[in-house]
Amino acid sequence: MKKIDKIYLDIDGVIRGVASPKEDVVKLLRYCMDNYPGAVYWLTTHCRGGVNRTDFVLHDTFDNEFADELYNKILPTDWEALKTEAIDMDSDFVWFDDNLFESERMVLEQNYVLDGFFLMNPKDSEMAKKALEHLRRFGTA
Ligand SMILES: [Mg+2]
């Protein structure tokens, strides 16, 4: 994988409820929105089964202006049982999540795209920085 077509973002444990400073989380999200417009997606239990409830948690986590921007620019996905249902397996993607179920890992392996998964550790205060560094390695689109 040498480029990024799509970015998938979990919320809890990735941009919310994390040890990373808020400003680092905001920088990560800013970078995603500015460099991958129309290619950043929610992959969270707050957006599932055809219902996007990210609005509420975003306003609970960020200031109103930034929360609105996130809600407007980051696209919803629809999945039921496994998050991998919502992933475009033909794209080069980065999926930021603090958890990967064995069944999801198997789907990624079967599609030869396990390298698109990036494990986030919510307890690591450098995690948002590390995630941003990971994206920067691919250069800008
Ligand atoms: Mg999570």
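Residues numbered from 1 in each chain as written. Predicted model: local features only at pLDDT ≥ 70, side-chain atom pairs only at ≥ 80, totals over all residues. Heavy atoms only, no water.

Undergrad: Quick rundown of the coordination of the magnesium ion? Include the residues and the values.
TA: Taken together, the protein donors to the magnesium ion comprise Asp 10 (OD), Asp 12 (O) and Asp 98 (OD), at separations of 2.0 to 2.2 Å. When the donor residues of the magnesium ion are listed from N- to C-terminus, their spacing reads D-x1-D-x85-D. One end of the pair, Asp 10, is in the loop between β1 (6-9) and α1 (22-35); the other, Asp 98, is in the loop between β5 (93-97) and α4 (102-110), with 88 residues separating them in the sequence. According to the relative accessible area criterion, Asp 10 is buried, its value standing at 5%. The class of Asp 98 is partly exposed, set by a relative accessible area of 28%. (Donors = N, O, S within 2.8 Å, 3.2 Å for Na, K, Ca; no water. Helix = DSSP H or I, 4+ residues; strand = E, 2+ residues; numbered from the N terminus. Buried < 20%, exposed > 50% of the residue type's maximum accessible area, 1.4 Å probe, protein only.)

Undergrad: So, the sheet that holds strand β6 (residues 117-119): which residues are in play, and what are the values?
TA: Strand order in the open sheet formed by four strands is β2-β1-β5-β6, and the pairing between neighbours is parallel. With partners counted over all chains shown, the strands left at the sheet margins are β2 (40-42) and β6, one partner each. Direction aside, neighbouring strands of the sheet carry axes that sit 20° apart on average. Here β5 pairs with β6 via three bridges, running parallel. Along β6, the bridge assignment pairs Phe 96 with Phe 118. (Pairing = 2+ DSSP bridges. Axes fitted to C-alpha atoms, helices over the stretch in contact; angles between N-to-C directions.)

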